[in-house]
Every structure is written in C-alpha cells, then in structure tokens.
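Report on the structure
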Amino acid sequence: MEVILYIAAIIAAIGFLIFCVSVGMTLFSLKPILNSLAGTLSGIEGQMEGITRETTSLLSKTNSLAEDIQEKSEQLNSVVHAVKGIGDSVNGLNTSVQQITSSISKTVEQNEEKIAQVVQWSNVAMGIADKWKKRKIIDQANEVIQEDVYSSESEQSEKSRRKWGRKK
C-alpha cells in the first residue's frame, strides 16, 4: 500500500509539474502581449499628458474669453442705457413738437378770420403797389413823349428858319 501512495504522490507531482509548465508557458506567451499592452498604456499616458496640457490651455483661454465677454457686455450695457436715454429724449422732443403743433393749430383756428383779413389787405396793398408802378411807368413814358415832341418841334422850327434864311 505504500507503493500506491508513492505512485499517487508521483502522479500528483507530475500533474503539478505539468500544471506549472503549462502556467509558465501561458505566462511566457502572455509576456509579449503584456509588454505590448504596457507600451500602449505608456503611449496613452503620454497622450493623456498632452491632452491634459491642451485642456489646461483651452480652459485658460476660455476663462480669459469669458472675462473679455463679461467686460464687453458691461460696456455694451452702458451703450444700451445711453441709447435708451437718447430714445427717451427723442420721445420727449416728439411730444414737445406735437404740443407746439397743436397749439399753433389752435391759434391759427382762433385767428383764422384775422389771417383772412390780413391776406385781403395784403392783396389790396399789392394791387395798389402794382397800379402805382404802372402809373409811374405811364408818367415817365408821357414825359419822354413830351420831350420828344418839344425837341422835334424845336428842330423843325430851326430847319424852317434855315430854309427861309437861304432863300433871302
């Protein structure tokens, strides 16, 4: 019976040896895969460092852009308030112009009869001025005609004197 125990121990030892050899072979066959995996991971680690640097840079730029946008937004708010003030001023001016226009319209309506009389009197005055100018022109023309008549009569009398003076 002891022999069976030794044989069982030898079989167990051979089985353990086969197991160890197969585990060793499996580990040796996994070694290039694990080395490749380690290389890939180190490459990924390098890329992650680059991505981290890029992300940090982008975050910094984003923060500076956000600050710039905030400043410009505040400046734009002041411009918007100024434009609103101008709009309010224009509305006030429009209201004032409308009030002035309505008061002028009311005044014109109230003084419509007086304005009509002023227009009539101005037409009469213009008519009188036109007649006075025409009369002045006619008077000047009559003076010129009378001067021409007197000068032609005096010339004829001189001619007639000369004629008579030659015959003698």
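Residues numbered from 1 in each chain as written. Predicted model: local features only at pLDDT ≥ 70, side-chain atom pairs only at ≥ 80, totals over all residues. Heavy atoms only, no water.

This brings us to the overall build of the protein chain. The secondary structure content of the protein chain amounts to 2 helices and 0 strands. By residue count, 1% of the 168 residues in the protein chain fall in the buried class. Accessible area of the protein chain: about 15500 Å², with a carbon and sulfur share of 64%. (Helix = DSSP H or I, 4+ residues; strand = E, 2+ residues; numbered from the N terminus. Buried < 20%, exposed > 50% of the residue type's maximum accessible area, 1.4 Å probe, protein only. Areas by Shrake-Rupley, 256 points an atom, 1.4 Å probe, with all protein chains shown as cover.)

Now for a negative patch on the surface. A cluster of like negative charges, contributed by Asp139, Glu143, Glu147 and Asp148, occupies part of the molecular surface. Mapped onto the secondary structure, aspartate 139 falls in helix 2 (residues 112-167). (Patch = residues over 30% accessible without salt bridge, like charges linked within 9 Å, V, L, I, M, F, W, Y side chains within 5 Å. Salt bridge = Lys/Arg side-chain N within 4 Å of Asp/Glu carboxyl O. Lys, Arg positive; Asp, Glu negative; His and termini not counted. Charge placed at Lys NZ, Arg CZ, Asp CG, Glu CD.)

The subject of this paragraph is the pattern of salt bridges. Tallying each qualifying case throughout the model produces 2 salt bridges. Between aspartate 68 and lysine 72 there is a salt bridge, and its shortest N-O distance comes to 3.2 Å. Taken together, the residues aspartate 68 and lysine 72, both in helix 1 (residues 2-110) and 4 residues apart, mark about one turn of the helix. Overall, aspartate 68 belongs to the partly exposed group, its relative accessible area being 29%. The salt bridge involving lysine 84 is made with aspartate 88; its shortest N-O contact spans 3.5 Å. You can see lysine 84 and its partner aspartate 88 sitting in helix 1, 4 residues apart, about one turn around the helix.

For the rest of this paragraph, the subject is a nonpolar patch on the surface. A cluster of nonpolar side chains, Phe16, Phe19, Val23, Leu27, Leu30, Ile33, Leu34, Leu37, Leu41, Ile44, Met48 and Ile51, forms an exposed patch at the surface whose accessible area comes to about 1200 Å². Inspection of the secondary structure assignment puts leucine 27 in helix 1. The exposure class assigned to leucine 27 is exposed, which follows from its relative accessible area of 54%.

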